[in-house]
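Residues per chain are reported as follows:
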Amino acid sequence: MGLLVALDRPGGYEELVGKLCSRVDGFKLGLPLLMARGPGYAGLLRRRCRDALWVADLKLADIGYVMRLTAGLVAEHVDAVIAHGFVGVEGALGELKDYLDSLGKRLVVVASMSHPGAREAYDHALPRILETLERLRPWGVVAPATRPGVVGIVRRRLGPGVAIMSPGVGAQGAEPGSALCAGADYEIVGRAITGSGDPVEAAERIRREQEARLSNCRGTSHGS
């Protein structure tokens, strides 16, 4: 069971990261934050919580050469980089994965997104994207907590060896633990924690809700 906090809005997060470090599993750094504060800010935050999982949510979608250049700006400060799945392997994700592998970093690929519009194109392309993921074998995959059925499809198709990260918990309507029950390893929560008057209490509450829902769904599954 994992909880990642999305840090998307430009701002200062040093104090928040320090407070949340022992309460969450990691942090996802959004492109608005990295553009506003610069790639080096990721390193500054990491020094506040060295043992967490740090993910640069660059949502890369380009040829391999350009994605390598972009990832290289932040790779030394993070553990993993997110790219879109629809760009394919040859000349794109394959080159990015080889580059990240050479640095000892991880590739996370988007299978679908958490907003309603993802149903219009991304979900229709899911069978082909899953073929790409089977061929590429990235460390991680993004699948939406707002549609647990998609999470389940990804888990069944790719098996237990891939880390599934699921955004959409909280502000976008998904309940804590719903994606975990469907097969995700991490749920990504942003505004429900960072926009709270008490982010520590919010993170602890979400943890409790994750545990309760996961315990219930496992008990139901076992009972059936």
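As the structure is a computational prediction, the values presented were derived from the model and not from experiment.

Points about unusual backbone geometry
At step 1: Unlike most non-glycine residues, lysine 59 shows phi in positive territory, near 45°.
At step 2: Its location among the elements puts lysine 59 in strand 3 (residues 53–60).
At step 3: A positive phi angle, close to 50°, is found at arginine 137, a residue other than glycine.

Let's talk about the side chain of aspartate 123
At step 1: Of note, aspartate 123 is situated in the loop between strand 5 (106–110) and helix 6 (126–136).
At step 2: Aspartate 123 has contacts with Ser112, Ala118, Arg147 and Val150, leaving out every residue within four places of it along the chain.

Re the layout of surface pockets
At step 1: Volume-wise, the largest pocket comes out at about 440 Å³.
At step 2: As for the largest pocket, its lining consists of 25 residues, and the residues nearest its centre are Ala6, Asp8, Lys28, Pro167 and Gln172.
At step 3: When contributions to the lining of the largest pocket are tallied by element, the ones reaching two or more residues are strand 2 (26–30), strand 3, strand 7 (163–169), strand 8 (186–189) and helix 9 (191–194).
At step 4: In terms of residue count, strand 7 provides more of the lining of the largest pocket than any other element does, three residues in total.

Brief notes about the sheet that holds strand 5
At step 1: As summarised here, the arrangement of the eight strands in space is 1-2-3-4-5-6-7-8, forming a closed barrel in which the pairing is parallel. Across the sheet, the axes of successive neighbouring strands diverge by a mean angle of 30°, strand direction being ignored.
At step 2: Sheet topology note: the strand 2/strand 3 ladder contains five bridges and is parallel. Counted as the bridge partner of leucine 29 is alanine 56 from strand 3.

Details of the pattern of salt bridges
At step 1: Overall, the coordinates contain 16 salt bridges when judged by the stated rule.
At step 2: For lysine 19, the salt bridge goes to glutamate 15, with nearest N and O atoms at 3.2 Å. In this pair, lysine 19 and glutamate 15 are both assigned in helix 1 (residues 14–20), four residues apart and thus about one turn of the helix distant.
At step 3: Residue lysine 19 is classed as partly exposed on the basis of its relative accessible area of 43%.

Some words on the UniProt feature "binding site: substrate" (unreviewed entry) in the chain
At step 1: The UniProt record annotates "binding site: substrate" (unreviewed entry) at Asp8, Lys28, Ser114, Gly190 and Arg191. As for the annotated residues, the ones lining the largest pocket are Asp8, Lys28, Ser114, Gly190 and Arg191.
At step 2: Checked against the element boundaries, aspartate 8 lands in the loop between strand 1 (2–7) and helix 1.
At step 3: If we skip the residues at most four places from it in the chain, aspartate 8 touches Tyr13, Lys28, Gly30, Pro32 and Leu33.
At step 4: Residue position: lysine 28 is located in strand 2.
At step 5: Taking the relative accessible area as the measure of exposure, lysine 28 reaches 7% and is therefore buried.
At step 6: Setting aside its immediate chain neighbours within four residues, lysine 28 contacts Val5, Ala6, Leu7, Asp8, Val55, Asp57, Ile82 and Ile188.

Basis of the calculations
- Residues numbered from 1 in each chain as written.
- Predicted model: local features only at pLDDT ≥ 70, side-chain atom pairs only at ≥ 80, totals over all residues.
- Heavy atoms only, no water.
- Helix = DSSP H or I, 4+ residues; strand = E, 2+ residues; numbered from the N terminus.
- Contact = heavy atoms within 4.5 Å.
- 1 Å grid on protein atoms, 1.4 Å probe; cavity = no way out; pocket = protein on both sides within 12 Å on 5 of 7 lines; lining within 4 Å.
- Points joined across faces, edges and corners; volume = space filled by probe spheres on them.
- Pairing = 2+ DSSP bridges.
- Axes fitted to C-alpha atoms, helices over the stretch in contact; angles between N-to-C directions.
- Salt bridge = Lys/Arg side-chain N within 4 Å of Asp/Glu carboxyl O.
- Buried < 20%, exposed > 50% of the residue type's maximum accessible area, 1.4 Å probe, protein only.
- UniProt positions renumbered as here; feature names shortened; annotations may be inferred.

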